[in-house]
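# An overview of the molecular structure
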Amino acid sequence: MPTSSPSSYWQVGKTLSECFDHVFTSGIVSDVTFLVGEEMERISAHKLVLMSRSPVFYPMLEGPMAEKGDIPIPDISDETFKLFLRYLYTDSIDLTLRNVVPVLNAARKYCVDILVSHCEKFLASNLSSDNACLFLEQAHVFVLDSLKSDCLRFIDENPTAALTSEAFTDLCVGCVTSITESDNLRVTENNVYEAIIRWAEAECARQNLEITPDNKRKVLGDILYTVRFSVMDIDFFLKEVCHHNLLPAEYVVQIVNYQHHPEKVPGSKLNHTERRIDRTKQRVWLFAESLQGPNIVGSELADFESVAFSVSHSIRLIGFGSLYSYRDNTVKVVIYENNEVVYKADKIYRVKSESDDIGEVLLKDSECIHLKPGNVYTITVKKSHGRMCYSKGAVGDTFQFKHAMITIQTPADALQNVLGHNINQVPYLLLK
């Protein structure tokens, strides 16, 4: 019969998990020893606990296939294995960004699904631009579909830091593809292209290949065609993409043709679908938004609205603003590039915007016009009812859209005597 006082017993006043933690830490009555990590550190445990928590440990420790003597575990560090075992004893673990991936590896190896789920939730709740690509690769390796979806969603919304991170260049082919093929990736095609070039150069180095256009094309495979070249900034395409000589000549021709005649070639690998960032239109106001004050020509009536302008960089026009009237909700539109007609539609519906006085005119069938530097573009809008117009914008006035500068111009010489209306009455452009 024990002679010590009850308060000296380590079991007294302790929960089950606290008692099991003491049993594990002290190693009392242990009946199995593992040799862990590169240093083969001896870590003692208890078969009953391990077999009750893991379907992998059960046949390892019991039955005719059970291992004899000390069991080597060289592929897990001693620090990680102790954390893992303590979880099996106590059902608790202190996960950090430093230890979660090694612990996840151990949990997957020994089929402790509850701990796998715990690690997955921890990773998802700690996603950042710095680790999103790293966590995506782990989700791919361990087949964690929920975490993979979380990572891809995060990268879609925060792409710039992820695409320029060192971890992006370490991704496998499947993970790179899952990022660059997304229609929801909120970044320009220039950025996507630059990212895959960095990845291709890193992959060439991993495969001990010389970094040449042919080898980069080889390691990229179909990743190359996840870039939407046909909707890329044309200046970047000509100066950078063509210079790198990665695309086969037939696709270069297709892309240049698509810029002017947007028709898909059967059997082509090119993806012409615009990503979400490109489908988002932005307004560029050509004068003050207010309809009051000196910006209005008080009594002037006109059957036309128009504007002439040039751009400093290639951008796309998808529509424009127009004075709105319930009596007159359709317009006839002609758009000129210098003296040539590049777009014509006899009946486009004008959609009322948040202003009672202005509606939006979107080019039909989701068309867009590729605006290029060095040209003067003139939008002319024919309407059925004359009404008050906006005042003229001054030739030479400039407006910023992302990296491009828009400058108000006079129309091409051949149009000045044909238009029959005042210039610079269109309130804003819809660009992307």
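Presented here is an overview of the structure given in this document.

What counts as what
Residues numbered from 1 in each chain as written. Predicted model: local features only at pLDDT ≥ 70, side-chain atom pairs only at ≥ 80, totals over all residues. Heavy atoms only, no water. Helix = DSSP H or I, 4+ residues; strand = E, 2+ residues; numbered from the N terminus. Buried < 20%, exposed > 50% of the residue type's maximum accessible area, 1.4 Å probe, protein only. Contact = heavy atoms within 4.5 Å. Areas by Shrake-Rupley, 256 points an atom, 1.4 Å probe, with all protein chains shown as cover. Core = buried A, V, L, I, M, F, W, Y, C linked by side-chain atoms within 4.5 Å. Pairing = 2+ DSSP bridges. Axes fitted to C-alpha atoms, helices over the stretch in contact; angles between N-to-C directions. Disulfide = S-S within 2.5 Å.

## Here's the deal with the overall build of the protein chain
The number of helices and strands found in the protein chain is 16 helices and 14 strands. Burial analysis of the protein chain (432 residues in total) assigns 48% to the buried set. Across the protein chain, the fraction of contacts at a sequence separation of at least 24, relative to all contacts at a separation of at least 6, is 71%. As displayed, the protein chain offers around 21700 Å² of accessible surface, 51% of which is attributable to carbon and sulfur atoms.

## Concerning the nonpolar core
Counting residues in hydrophobic clusters, the biggest one holds 84 residues, and the most contacted among them are Phe34, Phe81 and Phe229. A per-element tally of this core places helix α12 (residues 189-206) first, with 8 residues. Residues contacting Phe34, with those up to four places away along its chain left out, are Glu41, Arg42, Ile43, Ala45, Leu50, Phe57, Met60, Ile71, Ile73 and Phe81. Among the nonpolar cores identified, the runner-up in size contains 29 residues, and Leu317, Leu363, Leu371 and Leu429 belong to it.

## Section: the sheet that holds strand β3 (residues 71-73)
Reading across the sheet, the 3 strands line up as β2-β1-β3 and stay open at both edges, with mixed pairing between neighbours. On the outer flanks of this sheet lie β2 (41-45) and β3, each paired with one strand and no other. Here the strands of the sheet are splayed against their neighbours by 30 degrees on average, with no regard to which way each runs. Pairing of strand β1 (residues 32-36) with β3, which is carried by 3 bridges, proceeds in the parallel orientation. Note on β3: the bridge partner recorded for Phe34 is Ile71. Sitting on the sheet, helix α4 (residues 78-90) is in contact with β1, β2 and β3, with an inclination near 5 degrees to β2.

## Examining the state of the cysteines
The full count for this structure, using the stated rule, is 0 disulfides. Unpaired in terms of disulfides, Cys172 finds its nearest cysteine sulfur in Cys175, a separation of 3.6 Å. Overall, Cys172 belongs to the partly exposed group, its relative accessible area being 22%.

## What about unusual backbone geometry?
In the Ramachandran plot, Cys111 falls in the positive-phi region, its phi being about 55 degrees despite a non-glycine side chain. For Cys111, the location among the structural elements is in the loop between α5 (100-109) and α6 (113-125). Its identity is not glycine, yet Asn208 carries a phi of approximately 55 degrees, on the positive side. Tracing the backbone through its elements, the reader meets Asn208 in the loop between α12 and α13 (213-220). Owing to a relative accessible area of 71%, Asn208 belongs among the exposed residues under this scheme.

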